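Coordinate inspection notes
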Amino acid sequence: MPELILAIESSCDETSVAVIKDGAEILSNIVASQIKSHQRFGGVVPEVASRHHVEQITLCIDDALAEAEVTPAELTAVAVTYGPGLVGSLLIGISAAKAFAWAHSLPLIPVNHMAGHLYAARYVAPLEFPLMALLVSGGHTELVYMKEDGSYEMVGETRDDAAGEAYDKVGRVLGLTYPSGKEIDQLAHVGHDVYQFPRAMLHEDNFDFSFSGLKSAFINLVHNGEQRGETFDHADLAASFQASVCDVLIEKTIRACQAYPVKQLIVAGGVAANQGLRTGLSAAVAEKLPDTTLLIPPLRLCGDNAAMIGAAAHIELKKGHLADFSLNADPSLSFSE
């Protein structure tokens, strides 16, 4: 009998349900996005997100089972994201997972959302340990070292704004629609780094990040210039901003891989879809880490989705990490817990 996991992800503004076979084959991966609902607010509104999850969750479960051509009786377990994320959104997914697991007498697997992003790389190639992972998603920018499956050692993290948060705030200043990361990336490829924004903590003897100063430098430049009647080329602004972000992410990641013995480098999370980061890291790894394999999930698996939760759940199930029906949301969950 194959292992079939029904995975549920609802940590932010995507309702997603997937059916995963043996932790490596996607039989279905339904994603109901809420982007259009949040665009008018310029960012995710937690209450609106929760209400959308309530409307979509059972429909997504039905669609995922139908597309996979799997019945509840054939499932091995139910997996669900329990943190980090928006507490209201998490609770919708957890409640649905508990109800489904109880109704069909299935074990319940709790999954760390960030572990899910990391394990999205399993759909590219089998993971080889030890490895380093750069996780750049939403409010998280982290370097995680893994000696084996399910083992996470945080070696670097952001001390303030994450890279994704900086992109969103810069996008608002540029008047771009939410989410603005893709548009900034596109603009950056036709502009030039003429403003030389700061590369925070680039030369410090650690693997931590900071993007708050970059965000402030960008906002101050634009606002002060506008008050003086100056005009700016948005492509050059985007290129200058992105060059600063990518330089820091790439340099710190390469140094971390040189400090630890690694066979693979995984880059995952929403910002992993950024073409500037993908191109820059590919070149840096080829030049400075010739014996290290770079794994980046396909674009469809960089954003929040349940297939990545199913891949991580496969490992949790093998380790016997199950939850009972007292499972609660942990919006601030980290790898150190």
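The present account deals with the structure reproduced in this document. It should be emphasised that the depicted structure is a prediction, and the values quoted were computed from it without experimental measurement.

Remarks on unusual backbone geometry
Glycine aside, residues mostly have negative phi, and peptide bonds are mostly found in the trans state. The peptide bond linking Gly-83 to Pro-84 adopts the cis configuration, its omega dihedral lying at -15°. Tracing the backbone shows Pro-84 in the loop between β4 (77-83) and α3 (87-103). Cis geometry marks the peptide bond from Tyr-178 to Pro-179, where omega comes out at -10°. Counting through the fold element by element, Pro-179 comes out in the loop between α5 (163-173) and α6 (181-188).

As for the pairing of strand β6 (residues 131-137)
Extensive coverage of β6 is indicated by the burial of 7 of its 7 residues. Because side chains alternate across β6, one face comprises the buried residues Leu-131, Ala-133, Leu-135 and Ser-137, and the other comprises Met-132, Leu-134 and Val-136, equally buried. Pairing geometry for β6 and strand β7 (residues 140-146), over 7 bridges, is antiparallel. The residue bridging Leu-135 from the neighbouring strand is Glu-142, located in β7. With antiparallel pairing between neighbouring strands as the criterion, β6 and β7 make up a hairpin whose turn holds 2 residues, including Gly-138 at a positive phi of roughly 55°.

What about the pattern of salt bridges?
One pass over the full model with this rule turns up 7 salt bridges. The salt bridge partner of Arg-199 is Asp-193, with a shortest N-O separation of 3.1 Å. Through salt bridges with shared partners, a single network forms among Asp-161, Lys-169 and Lys-215.

Remarks on the layout of surface pockets
In this structure, the largest pocket encloses a volume near 1,500 Å³. Taken together, 43 residues make up the lining of the largest pocket; nearest its centre are Gly-138, Asp-168, Tyr-178, Pro-179 and Gly-270. Contributions of two or more residues to the lining of the largest pocket are made by β3 (25-33), α4 (113-119), α5 and α6. Counting residues per element, the lining of the largest pocket draws most heavily on α5, which supplies 6 residues.

What counts as what
- Residues numbered from 1 in each chain as written.
- Predicted model: local features only at pLDDT ≥ 70, side-chain atom pairs only at ≥ 80, totals over all residues.
- Heavy atoms only, no water.
- Helix = DSSP H or I, 4+ residues; strand = E, 2+ residues; numbered from the N terminus.
- Buried < 20%, exposed > 50% of the residue type's maximum accessible area, 1.4 Å probe, protein only.
- Pairing = 2+ DSSP bridges.
- Salt bridge = Lys/Arg side-chain N within 4 Å of Asp/Glu carboxyl O.
- 1 Å grid on protein atoms, 1.4 Å probe; cavity = no way out; pocket = protein on both sides within 12 Å on 5 of 7 lines; lining within 4 Å.
- Points joined across faces, edges and corners; volume = space filled by probe spheres on them.

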